[in-house]
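Residue strings, one per chain:
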Amino acid sequence: MARAYCPSCGKRYNGKRCSNCLYENFTEEIAHGLHTHEGEPLVIKAPARKPVPRKDPFDCDKKTRKPPVRRKAAAVVIPLVIIVVLLAALNGLFLLVSRAERVFSGFAPETQTEPALPTGGTVLYDAGGILVIADWQDGQEYGEGIRVVVQNGTDRDFTLSSRDMIVNGYVLRDSLLYCRVQQGHTAQCWLRLDQDDLDNAGIETVQTLSLALAVYDSESYETLAETDFLPLCTTGELSQPVDDSGVPLFQQDGIRVVYRGYVPSEYAPDTLTDGTLQFFLENNTEQYLNYYTTECQVNGQRVMLSLWCALPPHTRAVSSMYLYGLEELELLSWEDITELTLQLEFSEHNEYDLFLQTGPLALPLGGEIPQ
């Protein structure tokens, strides 16, 4: 029985083929593509596929063009975290440099409040708005150190430093007084002697102490003031015996050099790393002299080893030559060195006029300084 209405367009049709929309009832011929219309095969086209829209959850809203809340929060939080980390790192670096500076110079940190000038202390320097007072009086013992108060009455920030220090007639190379003072302020520091300096010189009790000071601009490093040796401690006649034991290397015109031996490194005793050759130096002249090597050879090869020390008149010192760079010669231990020679020169301290020169001096090998 014919259908009254076409299921496709709703028009009346005969149940087989709609004259309006050409709808045809499903037949097996149509399913197999065999049915034709006016001589042409029936082609059933697959519907066109449209791309499925995909949206990145972190993309901006197309309507509002505003970033999502999470991205906005990240844009604020991440820079803040980076800033906090950088500030913490800079603060740690500042503390590390300050601590290293204190360890190197041996001074106590400057106090937050202005320190009072010591009453009855020893005035080391007072000129040009620079006042340096040591909290020291004759008769007292050195103890743990000497407090020094520095007052800056200039219009610059300056740094006070000791150029040289003489204790019991020995020049101490690693002991230092150091203090930085802002303009218009007062600061304090401590003069503490290096224990290795004292041990090398055999100093058990500080009997005499004098030092030469230098004051320079903290930014431009311009020298503002320099002093000769200033006496600080005097406890009577010097009674410390002079330890000049070792192998005499050179002695002429008031100059003496004694080789004391090889000192291995405390941390790597089986290698040459940080190992030193130790010398006793004495200046019995009336001139301030520099002692230094001009040429050094190890196993017949020239090396860049250096010994340098400045001695005021009638002083002595224990100085060391570090054995750096011998690894390039494949010299890894003290036993690998079979020959070591050096040449010394002595010149005037300020003008560097040559005072005396030696020929090659051969060092005896194999000995170590008893520890």
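These lines cover the structure that appears in this document, whether it is placed above or below. Every value quoted in this text rests on a predicted model; they were computed, and no experiment measured them. Numbering of residues starts from 1 in each chain and follows the order in which that chain's sequence is written. Per-residue local features are limited, in this predicted model, to residues with pLDDT of at least 70; the limit for side-chain atom pairs, both in listing and counting, is 80 or more; totals at the level of whole chains, interfaces and linings are taken over all residues. Hydrogen atoms and water are omitted, and side-chain values are computed over all heavy atoms in the structure.

1. Side note on the overall build of the chain
Link 1 in the chain: Across its full length, the chain carries 3 helices and 22 strands.
Link 2 in the chain: Burial statistics for the chain: of 371 residues in total, 38% are counted as buried.
Link 3 in the chain: The contacts in the chain between residues at least 6 apart in sequence include a share of 58% that link residues at least 24 apart. Strands here are runs of E lasting at least two residues and helices are runs of H or I lasting at least four, both read from the DSSP assignment and numbered beginning at the N terminus. Burial classes: relative accessible area under 20% of the type maximum marks a residue as buried, over 50% as exposed, and values in between as partly exposed (1.4 Å probe, protein chains only). When checking whether two residues touch, look at their non-hydrogen atoms; a contact exists if any pair is within 4.5 Å.

2. Topic: unusual backbone geometry
For residues other than glycine, phi is negative in most cases, and the peptide bonds are mostly trans.
Link 1 in the chain: Phi at Asp274 takes a positive value of approximately 65 degrees, unusual for a residue other than glycine.
Link 2 in the chain: Within the secondary structure layout, Asp274 lies in the loop between strand S14 (255–263) and strand S15 (276–283).
Link 3 in the chain: On the basis of relative accessible area, Asp274 is assigned to the partly exposed category, the value being 37%.
Link 4 in the chain: Even without a glycine there, the phi angle at Asn299 is positive, about 50 degrees.

3. Side note on the layout of surface pockets
Link 1 in the chain: For the largest pocket, the calculated volume is near 990 Å³.
Link 2 in the chain: Every residue lining the largest pocket is counted, 30 residues in all, and those nearest its centre are Asp196, Asn200, Gln278, Ser320 and Tyr322.
Link 3 in the chain: Within the residue set of the lining of the largest pocket, elements represented by two or more residues are helix H3 (195–201), S14, S15 and strand S19 (315–322).
Link 4 in the chain: Residues were grouped as follows: Ala, Val, Leu, Ile, Met, Phe, Trp, Tyr, Cys and Pro as nonpolar; Asp, Glu, Lys and Arg as charged; and all remaining residues, including Gly, as polar. Considered class by class, the residues forming the lining of the largest pocket number 11 nonpolar, 9 polar and 10 charged. Definitions used throughout: a 1 Å grid over protein atoms alone; a cavity as a set of points that fits a 1.4 Å probe which cannot get out; a pocket as an open set with protein on both sides within 12 Å along at least five of seven lines; a lining residue as one with an atom within 4 Å of a point. Grid points are joined across faces, edges and corners, and a volume is the space filled by probe spheres set on the points.

4. Quick notes on a negative patch on the surface
Link 1 in the chain: Taken together, Asp174, Asp196, Asp199 and Glu266 make up a surface patch of like negative charges.
Link 2 in the chain: Tracing the backbone through its elements, the reader meets Asp199 in helix H3. The patches reported here contain residues having more than 30% relative accessible area and no salt bridge. Joining distances are 9 Å for like charges and 5 Å for nonpolar side chains (Val, Leu, Ile, Met, Phe, Trp, Tyr). Per-residue accessibility takes into account occlusion by the displayed protein chains alone, with areas from the Shrake-Rupley method and a 1.4 Å probe. Take a side-chain nitrogen of Lys or Arg and a carboxyl oxygen of Asp or Glu: if they are within 4 Å of each other, that pair is a salt bridge. The convention is simple: Lys and Arg are positive, Asp and Glu are negative, and His and the chain ends are not counted. Taken as the charge centre is NZ of Lys, CZ of Arg, CG of Asp or CD of Glu, depending on the residue.

5. As for the sheet that holds strand S5 (residues 146–152)
Link 1 in the chain: Pairs of strands are assigned from DSSP output, requiring at least two bridges between the strands. Read from one edge to the other, the open sheet built from 4 strands follows the order S3-S4-S5-S9, with strand pairing classed as antiparallel. For this open sheet the edge positions go to strand S3 (122–127) and strand S9 (186–191), each flanked by a neighbour on one side alone. Taken pair by pair, the neighbouring strands of this sheet meet at an average axis angle of 15 degrees, ignoring direction.
Link 2 in the chain: Judged from the 5 bridges that link them, strand S4 (residues 130–134) and S5 form a sheet pairing that is antiparallel. Bridged to Ala134 within S5 is Val148. Only the stretch in contact is used when a helix axis is fitted, and all axes are lines through C-alpha atoms; the angle between N-to-C directions ranges over 0 to 180 degrees.

6. Points about the packing of aromatic side chains
Link 1 in the chain: Paired rings are identified among Phe, Tyr and Trp, the last through its six-membered ring, by centres lying within 6.5 Å, and are further divided according to the angle between planes into stacked (under 30 degrees), edge-to-face (over 60) and tilted (the rest). Throughout the structure, instances matching the rule amount to 7 aromatic pairs.
Link 2 in the chain: A ring pair is formed by Phe250 and Phe346, whose centres lie 5.7 Å apart and whose planes are at 20 degrees; its orientation type is stacked. Of this pair, Phe250 sits in strand S13 (residues 247–252) while Phe346 sits in strand S20 (residues 340–348), and the two are 96 residues apart along the sequence. The residues Phe250 and Phe346 share a single accessibility class, namely buried.
Link 3 in the chain: Ring centres of Tyr262 and Trp334 lie 4.3 Å apart, and the angle between their planes is 0 degrees; on these two criteria the pair is classed as stacked. With a gap of 72 residues between them, Tyr262 in strand S14 and Trp334 in the loop between S19 and S20 connect regions that are remote in the sequence. Neither residue differs from the other here; Tyr262 and Trp334 are each classed as buried.
Link 4 in the chain: Put simply, the rings of Phe250, Tyr291 and Phe346 touch in pairs and so form one group of aromatic residues.
Link 5 in the chain: Whether a charge sits over a ring comes down to the Lys NZ or Arg CZ being within 6 Å of the ring centre and within 35 degrees of the ring normal. A cation over a ring is seen here: Arg316 above Tyr170, with NZ or CZ 5.6 Å from the ring centre.

7. Description of the environment of Tyr216
Link 1 in the chain: On the secondary structure map, Tyr216 appears in strand S10 (residues 208–217).
Link 2 in the chain: The spatial distance from the C-alpha of Tyr216 to the C-alpha of Arg180 is 9.8 Å, given a sequence separation of 36 residues.

8. Details of empty space enclosed by the protein
Link 1 in the chain: As enumerated under the stated definition, the model contains 1 cavity of 30 Å³ or more in all.
Link 2 in the chain: Each pocket or cavity is described by its volume, and for the largest cavity that value is around 50 Å³.
Link 3 in the chain: Taken together, Tyr170, Val171, Leu172, Arg173, Asp197, Asn200, Ala201 and Val318 make up the lining of the largest cavity.
Link 4 in the chain: If you list the elements that add at least two residues to the lining of the largest cavity, you get strand S7 (170–171) and H3.
Link 5 in the chain: Looking at which element gives the most residues to the lining of the largest cavity, the answer is H3, with 3 residues.
Link 6 in the chain: A class-by-class count of the residues in the lining of the largest cavity yields 5 nonpolar, 1 polar and 2 charged.

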